[in-house]
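Below, each chain spelled out in residue letters.
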Amino acid sequence: MKILIVDDDHEIAELLEIYVKNEGYEPISADNGKDALKKLRTNPDVGLVILDIMMPEMDGTEVVKEIRKDNPIPILLLSAKSGAMDKIQGLIQGADDYVTKPFNPLEVMARVRALLRRSQNGMQQEAPEILDIGPLTINKDSHEVKTADGVEVNLTALEFGILYLLASHPNRVFSADDIFERVWQQESVVSAKTVMVHVSHLRDKLEEATGGNQVVQTVWGVGYKIEVL
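Residues numbered from 1 in each chain as written. Predicted model: local features only at pLDDT ≥ 70, side-chain atom pairs only at ≥ 80, totals over all residues. Heavy atoms only, no water.

If you look the chain up in an unreviewed UniProt entry, it shows as DNA-binding response regulator from Weissella viridescens.

Set out below in structure tokens:
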């Protein structure tokens, strides 16, 4: 499997290449957003993208937006501390996780492993498990979500994970920490904002597909749930 590293800081890119190789993956690099999209199109075996937000020609949030038009590949953002709003925008556009610069390469690789594990678990062939909840049909095996009218809802792996977790435990409230640990499969560390952004993006997609139905509900001060009467 290849991992695409996108950063205009060549020292950081080379450092990440070393760690990616040590994990047994093949790194390929790009130093701007346009080149990253080109390499992603010409390398269909790329399994994950490590993407800096601040880049020339096309910034990371725009790259995420372009990738998410037709590709659910896991995306890990690299963000400077001063780029808090950029991080949030990146998550809104569909990125899966972020690491703040300066970073420990071991933390980056831990996040990479977690994202790949989540993505690969979603692709494993198991006995189909289908949930019909509210206006949605959720197929765990194929990672497909459809409305009662047959409209398919395109979700990222993490958005699907959140939806499936809530749908498989109707009426149960999950805190942001619970969701982060179960879906991201990592110990929760300042995860509330990350989960909030992904839930918001998931809710927007579901409301658009179902004509305004609020499938995922917020229990203020507690967490999120899908209520079934």
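Caption draft 1: Expanded view of the environment of Pro27. Tracing the backbone shows Pro27 in strand β2 (residues 26-30). Judged by its relative accessible area of 15%, Pro27 falls in the buried class. The sequence separation of Pro27 and Leu4 amounts to 23 residues, and the corresponding C-alpha distance is 6.0 Å. In contact with Pro27, not counting residues within four places along its chain, are Ile3, Ile5, Glu17, Val20 and Lys21. (Helix = DSSP H or I, 4+ residues; strand = E, 2+ residues; numbered from the N terminus. Buried < 20%, exposed > 50% of the residue type's maximum accessible area, 1.4 Å probe, protein only. Contact = heavy atoms within 4.5 Å.)

Caption draft 2: Region of interest: the packing of aromatic side chains. Scanning the model with the defined rule gives two aromatic pairs in all. Judged by centre distance (6.1 Å) and plane angle (15°), the ring pair of Phe160 and Tyr164 falls under stacked. With Phe160 and Tyr164 both in helix α6 (residues 157-167), this residue pair falls four residues apart, about one helical turn. Take Phe160 and Tyr164: they sit in the same class, and that class is buried. Residues Phe180 and Trp184 carry aromatic rings whose centres are separated by 5.0 Å and whose planes lie at 15° to one another, so their mutual orientation is stacked. Taken together, the residues span about one helical turn, with Phe180 and Trp184 both in helix α7 (residues 176-184) at a distance of four residues. Judged by its relative accessible area of 1%, Trp184 is buried. (Phe/Tyr/Trp six-rings, centres within 6.5 Å; stacked < 30°, edge-to-face > 60°.)

Caption draft 3: Examining the UniProt feature "modified residue: 4-aspartylphosphate" (unreviewed entry) in the chain more closely. UniProt annotation of "modified residue: 4-aspartylphosphate" (unreviewed entry) refers to Asp52 when read in the numbering used here. Its place among the elements puts Asp52 in strand β3 (residues 46-52). Relative accessible area serves as the criterion here: at 4%, Asp52 is assigned to the buried category. Not counting chain neighbours up to four residues away, the residues in contact with Asp52 comprise Val6, Asp7, Asp8, Gly60, Leu78 and Lys101. (UniProt positions renumbered as here; feature names shortened; annotations may be inferred.)

Caption draft 4: Region of interest: a negative patch on the surface. Together, Asp8, Asp9, Glu11, Glu14, Asp31 and Glu57 make up a region of like negative charge exposed at the surface. Its place among the elements puts Glu57 in the loop between β3 and α3 (60-67). Glu57 gets classed as exposed once you look at its relative accessible area, which sits at 60%. (Patch = residues over 30% accessible without salt bridge, like charges linked within 9 Å, V, L, I, M, F, W, Y side chains within 5 Å. Areas by Shrake-Rupley, 256 points an atom, 1.4 Å probe, with all protein chains shown as cover. Salt bridge = Lys/Arg side-chain N within 4 Å of Asp/Glu carboxyl O. Lys, Arg positive; Asp, Glu negative; His and termini not counted. Charge placed at Lys NZ, Arg CZ, Asp CG, Glu CD.)

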